[in-house]
Amino acid sequence: MASTERGRSGEETLASSSVVVAAVTDNPLVAADLLERLGTREDGAAVVFEGRVRARSSGRVVVRLHYEAYREMADEVLREIAREALALQPVTQVAVEHRVGTLEAGEVSLVVAAAAPHRDPAMAAVRYVIEQLKTRLPVWKKEEYEDGSATWLDGLPVEQA
Amino acid sequence: MASTERGRSGEETLASSSVVVAAVTDNPLVAADLLERLGTREDGAAVVFEGRVRARSSGRVVVRLHYEAYREMADEVLREIAREALALQPVTQVAVEHRVGTLEAGEVSLVVAAAAPHRDPAMAAVRYVIEQLKTRLPVWKKEEYEDGSATWLDGLPVEQA
Amino acid sequence: MNGSEFPVRVLLFGHLRELMGVSELSVTLASGSVVGELVERVVRDSPLEALSSGMLAISVNRRYVRSDHALRPGDEVALIPPVAGG
Amino acid sequence: MNGSEFPVRVLLFGHLRELMGVSELSVTLASGSVVGELVERVVRDSPLEALSSGMLAISVNRRYVRSDHALRPGDEVALIPPVAGG
């Protein structure tokens, strides 16, 4: 986890862009905390995306989800994607956290955030991180339904390097 | 201000989409609070945008900003834009608040949020609200600089109905 | 109707408010007056005269209207300079 | 080099882990083996045989690689079924 400046209250500005956090975690995600930490005094825009467990999937009532990750690799892939977003967009900070373990419907599974001088790059960076992690983050999910049955969700085959 | 469900912890789901809040306010904006309130059990995505006062504008150091609004009309325009976003995108909730008064560099001037079953409509709704308010929200801002001088910022002429 | 007159409130904001030195005017109009005529009355011989008219939008009762919009007693009119929210 | 052998760890996740009943395998390879050969060894006569090979990605030491990637002693290999993060 890269260091971050408490830009909103501090006196200093970031000399360069940084990945605030990029990791898989067992702990509940709190986007609000991330939003508070995010941004420098040069940033006019901060965007946060929360992915949440839907109570319904393909018409069935979802009780909970189990997220499984290849953790060490997932951390590396998230860092890589976050660095790519910083390289592709004029943003100062990017953050991404993916929850693993058992989540109830309504809980937050993913938080992606970016801060930038202007809004379009901030939104584009968030979108980039989400789209990329869906194609290559080694994470899988199993839905558990009201009737006690469960199924691994179809995912996207990763295209080989 | 329309009523909202505390969807993440509650048992009920929203029967229809709603504007959670759409208003101009003198109070500091806290996007985190909005994020907590936003979303129903059917929503897989929540997006929040924060606009913040940049410490630098056209190369000058900004000490603070004064936002002035035609308040009664601004409230109505925000509600109208929020309702348009709900009509144009499959989102369940939209929220928008614009701060007025005196803001220091780093403070939040604008919060726009949306919750939806899927992420693209949520992001599109947030983008729509921002883009629209920049073209027709009756709000003006005066920048105050390090050297004590101040200037009303050039805005966008509103296209007549 | 000709000959009867009525007052309307005209609100000023931001740069316009500072140029005029007031945040509100009361203007007496002839019956049947439209927005374009009101704006001309307010702007003529005022500090606003130098402004490009294409830059000014007008609202009546908190809705944007065109210059041919007919005004009625009790209308709340506002001169809306280019907006800068966000 | 021919004739020497070495073991590699093969990690299994999600659906694959449940099908195989284990989360990790150790496979002994001939020197010079590539990823494609390892996958064939693991999949043949296993519950994974019915899976379409186009669905499986492979990582070596936490990076995605192609099937002609040469394996070395100590490599950490993982069979990556279609991913479903977010």
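None of these values were measured; they are calculated from a predicted model. (Residues numbered from 1 in each chain as written. Chains lettered and ligands numbered in written order. Predicted model: local features only at pLDDT ≥ 70, side-chain atom pairs only at ≥ 80, totals over all residues. Heavy atoms only, no water.)

Take the overall build of chain C next. Counting its secondary structure elements, chain C contains two helices and five strands. Order of helices (α) and strands (β) in chain C, N terminus to C terminus: β-α-β-α-β-β-β. The principal-axis extent of the C-alpha atoms belonging to chain C is close to 40 × 25 × 20 Å. Expressed as a percentage of the 86 residues in chain C, the buried residues total 44%. Restricting the contact set of chain C to residue pairs at least 6 apart, pairs at least 24 apart contribute 51%. Surface accessibility of chain C: about 4500 Å² in total, with carbon and sulfur atoms responsible for 49%. Considering chain C, the positive charge centre built from 8 side chains and the negative charge centre built from 10 side chains are found 7 Å apart. (Helix = DSSP H or I, 4+ residues; strand = E, 2+ residues; numbered from the N terminus. Buried < 20%, exposed > 50% of the residue type's maximum accessible area, 1.4 Å probe, protein only. Contact = heavy atoms within 4.5 Å. Areas by Shrake-Rupley, 256 points an atom, 1.4 Å probe, with all protein chains shown as cover. Lys, Arg positive; Asp, Glu negative; His and termini not counted. Charge placed at Lys NZ, Arg CZ, Asp CG, Glu CD.)

A few words now on the interface of chain A and chain D. When the parts of a complex come together, some accessible area is lost, and that lost area is often taken as the interface size. Opposite the 30 residues of chain A that make contact, chain D presents 26 residues. Buried surface at the junction of chain A and chain D, both sides included, amounts to about 2400 Å², of which 55% is carbon and sulfur. Three residues stand out in chain A for area buried against chain D, namely Y70, W140 and Q160 of chain A, and they jointly supply 26% of the buried area on that side. Put simply, chain A and chain D have four salt bridges between them. With a shortest N-O distance of 2.5 Å, K142 of chain A and E18 of chain D are connected by a salt bridge. Summed over the shared surface of chain A and chain D, the number is 15 residue pairs in polar contact (both at pLDDT 80 or more). For the side of chain A that touches chain D, the secondary-structure elements that each account for two or more residues are β4 (60-69), α2 (71-88), β7 (108-116), α3 (119-136) and β8 (139-145) of chain A. Among the residues forming the side of chain A that touches chain D, the class breakdown is 16 nonpolar, five polar and nine charged. (Buried area = accessible area lost by both parts, 1.4 Å probe. Salt bridge = Lys/Arg side-chain N within 4 Å of Asp/Glu carboxyl O. Polar contact = N/O pair within 3.5 Å; in protein donor to acceptor, adjacent residues only side chain to side chain. Nonpolar A, V, L, I, M, F, W, Y, C, P; charged D, E, K, R; others polar.)

On to α2 of chain A. Every α-helix winds through 3.6 residues per turn, so residues three or four apart in the chain are directed the same way. For α2 of chain A, spanning 18 residues, the distance from its first C-alpha to its last is 25 Å, which sits close to the expected 26 Å at 1.5 Å a residue. Burial in α2 of chain A covers these residues: M73, A74, V77, L78, I81, A82, A85 and L86 of chain A. (Expected span 1.5 Å × (residues − 1).)

The next thing to look at is the arrangement of the chains. For the three pairs of chains in contact, the largest share of contacts goes to chains A and B. Separated in space, chain A and chain C share no contact, their closest pair of C-alpha atoms being 9 Å apart. Separated without contact, chain C and chain D have their nearest C-alpha atoms at a distance of 30 Å.

Another aspect to go through is the relation of the copies chain B and chain A. Each copy superposes on the other: chain B lies on chain A with an RMSD of 0.0 Å after a rotation of 180 degrees and an axial shift of 0.0 Å. The transformation relating the two chain copies, once decomposed into turn and shift, fits a two-fold axis. Minimal C-alpha separation from the rotation axis in chain B is found for A32 of chain B, amounting to 2.3 Å. Looking at the interface residues of chain B, 100% of them are also at the interface in chain A, so both copies use one shared face. (Least-squares fit on C-alpha atoms with pLDDT ≥ 70 in both.)

This part is about the packing of α3 of chain A against helix α3 (residues 119-136) of chain B. Direction vectors running N to C along α3 of chain A and α3 of chain B enclose 175 degrees, while the axes themselves pass 12 Å from each other. Considering their axes alone, α3 of chain A and α3 of chain B lie roughly antiparallel with respect to each other. The residues of α3 of chain B that touch α3 of chain A, namely those facing R119, D120, M123, V126, R127, I130, E131 and K134 of chain A, are R119, D120, M123, V126, R127, I130, E131 and K134 of chain B. Looking at side-chain class alone, the contact of α3 of chain A with α3 of chain B contains six nonpolar, no polar and ten charged residues. (Axes fitted to C-alpha atoms, helices over the stretch in contact; angles between N-to-C directions. Parallel < 35°, antiparallel > 145°, perpendicular 65-115°, else oblique.)

Between the first and last C-alpha of α3 of chain B there are 26 Å, a value that for 18 residues agrees with the 26 Å anticipated at 1.5 Å per step. What α3 of chain B keeps buried is the set P121, A122, M123, A125, V126, Y128, V129, I130, L133 and R136 of chain B. The elements touched by buried residues of α3 of chain B are α3 of chain A, β2 (45-52), α2 (71-88), β5 (93-99) and β7 (108-116) of chain B together with β4 (63-65) of chain C.

The subject of this paragraph is the sheet that holds strand β5 (residues 76-80) of chain C. All names here are of chain C. In spatial order, the strands read β2-β1-β5-β3-β4; together these five strands make up an open sheet with mixed pairing. Strands with a single pairing partner mark the edges of an open sheet, and in this sheet they are β2 (24-30) and β4. Strand-to-strand twist of the sheet, defined as the mean angle between neighbouring strand axes without regard to direction, takes the value 35 degrees. Sheet topology note: the strand β3 (residues 57-60)/β5 ladder contains four bridges and is antiparallel. (Pairing = 2+ DSSP bridges.)

For the structure on display, the rule yields four aromatic pairs over all chains. Taken together, a centroid distance of 5.0 Å and an interplanar angle of 10 degrees make the contact between W140 of chain A and F13 of chain D stacked. Remark: F13 of chain D occurs in the loop between β1 (5-12) and α1 (14-20) and W140 of chain A occurs in strand β8; the pair is interchain, linking two chains. Given the relative accessible area of 3%, W140 of chain A is considered buried. Under the relative-accessibility criterion, F13 of chain D is labelled buried at 9%. Ring pairing ties together the aromatic residues Y70 and W140 of chain A together with F13 of chain D, which thus form one cluster. Above the face of the Y145 of chain B ring, R60 of chain B is positioned so that its terminal group lies 3.8 Å from the ring centre. (Phe/Tyr/Trp six-rings, centres within 6.5 Å; stacked < 30°, edge-to-face > 60°. Lys NZ or Arg CZ within 6 Å of the ring centre and 35° of its normal.)

For residues other than glycine, phi is negative in most cases, and the peptide bonds are mostly trans. All names here are of chain D. With phi around 50 degrees, N61 is a residue other than glycine that occupies positive phi space. With a relative accessible area of 38%, N61 lands in the partly exposed category. We note that R62 has phi near 70 degrees; this positive angle belongs to a residue other than glycine. You can see R62 is positioned in the loop between β3 (57-60) and β4 (63-65). Taking relative accessible area as the criterion, R62 reaches 27% and is therefore assigned partly exposed.

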